[in-house]
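Secondary and tertiary structure notes
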Amino acid sequence: GKERYRQYYYGINKNKKGNKVFVKKWNGEKKDVAYSWIKNEISAYSAIGNNTEIGKFNTPNMLHFEVSKNFIYMVLEYKAGVDLSSLSQVKRSSIYLESVEYLDQLYKKTEKSVNKKVPNRPPIYWAIILPVITCMAAFNHSKNAVQIIKKSLSVLLMLPVLLFRRKRTLVHRDFNQYNVL
């Protein structure tokens with residue numbers, strides 16, 4: 001099946017070997033933020049490679065990608081998981097923290113490759129982009145606008161700490177209950 005979500009098409013299909021695969025495709029008329037994000041995602045998968053198992057965590061392997069003038073797509077191995085919303089808040093928090101630790105360990109394991117292929121987003125980038133993302137999120141989710149703004153303000157209050165932190169690591173830009181397990 002295929003589902004359009006914002007700027008991308010997503011689908012779970014079968015490859016030539018009959019295995020399930022996850023496909024993500026950007027199909028746009030102009031090179032926008034979504035275009036940059038999927039190219040960055042391909043760079044990240046290329047940088048970390050296919051040896052991503054650390055403890056109970058691992059990242060799907062990228063099996064194929066193609067970049068063209070009017071579309072970009074990538075094919076990842078399918079990983080069945082659990083919707084975190086079905087778990088208790090305590091268990092979800094524990095899994096989020098373990099996931100952040102996994103990304104830190106994965107970065108240490110793949111640091112040389114990641115530094116060559118994945119752009120470094122310094123804290124000042126996030127200070128500039130956060131208000132834009134906040135406005136977009138508040139507009140798209142007006143019922144939760146107050147909560148979104150409050151959470152964004154709490155992140156902005158942490159920026160002075162981040163500005164002086166020089167440690168680099170991987171982050172999961174789409175870190176939510178549907179995209180962890």
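For the structure itself, look to the data block above.
None of these values were measured; they are calculated from a predicted model. (Residues numbered from 1 in each chain as written. Predicted model: local features only at pLDDT ≥ 70, side-chain atom pairs only at ≥ 80, totals over all residues. Heavy atoms only, no water.)

1. Regarding the overall build of the chain
Within the chain one finds four helices and five strands. Reading the chain from its N end, one meets helices and strands in the order β-β-β-α-β-β-α-α-α. Counting every position in the chain, which comprises 181 residues, the buried fraction comes to 27%. Restricting to contacts in the chain with at least 6 residues of sequence separation, those with at least 24 account for 56%. Put simply, the chain shows about 12,700 Å² of open surface, and 58% of that area lies on carbon and sulfur atoms. (Helix = DSSP H or I, 4+ residues; strand = E, 2+ residues; numbered from the N terminus. Buried < 20%, exposed > 50% of the residue type's maximum accessible area, 1.4 Å probe, protein only. Contact = heavy atoms within 4.5 Å. Areas by Shrake-Rupley, 256 points an atom, 1.4 Å probe, with all protein chains shown as cover.)

2. Overview of the environment of K24
Inspection of the secondary structure puts K24 in strand β3 (residues 20-26). A residue is classified by how much of its surface remains accessible, and K24, at 9% relative accessible area, is buried. Separated by 49 residues in the primary sequence, K24 and Y73 place their C-alpha atoms 5.6 Å from one another. A polar contact is formed between the side chain of K24 and the side chain of E41, at a distance of 2.6 Å. (Polar contact = N/O pair within 3.5 Å; in protein donor to acceptor, adjacent residues only side chain to side chain.)

3. Here's the deal with the nonpolar core
One finds Y8, W26, A34, Y35, I38, I42, Y45, M62, I72, M74 and L76 forming the largest nonpolar core, which totals 11 residues. At five residues, helix α1 (residues 33-48) tops the list of elements feeding residues into this core. The contacts of I72, once residues within four sequence positions are left out, are K24, K25, W26, Y35, I38, K39, I42, E66 and V67. Counting residues in each nonpolar core, the second largest holds nine residues, with I48, L106, Y107 and V118 among its members. (Core = buried A, V, L, I, M, F, W, Y, C linked by side-chain atoms within 4.5 Å.)

4. Digging into the pairing of β3
Bridge count between strand β2 (residues 8-14) and β3: seven bridges; the pairing is antiparallel. In the sheet register, I12 faces β3, and the bridge partner there is F22. In this structure, the hairpin formed by β2 and β3 is closed by a connection of five residues, where G18 is found at a positive phi of approximately 90°. By the bridge criterion, six bridges tie β3 to strand β5 (residues 72-77) in an arrangement that is antiparallel. When the bridges of β5 are listed, F22 appears paired with L76. (Pairing = 2+ DSSP bridges.)

5. Overview of α1
Here α1 is 16 residues long and its end C-alpha atoms lie 22 Å apart, about the 22 Å a rise of 1.5 Å per residue gives. Contacts made by the buried residues of α1 are with β2, β3, β4 (62-67), β5 and α2 (89-117). Its side-chain oxygen placed 3.3 Å from the backbone nitrogen of A34, D32 serves as the N-cap of α1. A positive backbone phi angle near 70° is found at G49, which sits one or two residues after α1. (Expected span 1.5 Å × (residues − 1).)

6. A look at the pattern of salt bridges
Taken as a whole, this structure holds three salt bridges when the rule is applied. Between K24 and E41 there is a salt bridge, and its shortest N-O distance comes to 2.6 Å. Placement of the pair is K24 in strand β3 and E41 in helix α1, with a sequence separation of 17 residues. Each member of the pair, K24 as well as E41, carries the same accessibility label: buried. In this structure, the salt-bridge partner of K108 is D104, at a minimum N-O distance of 3.5 Å. On the criterion of helical spacing, the pair formed by K108 and D104 is a turn pair, its members being four residues apart in helix α2. With relative accessibility at 9%, the residue D104 sits in the buried group. (Salt bridge = Lys/Arg side-chain N within 4 Å of Asp/Glu carboxyl O.)

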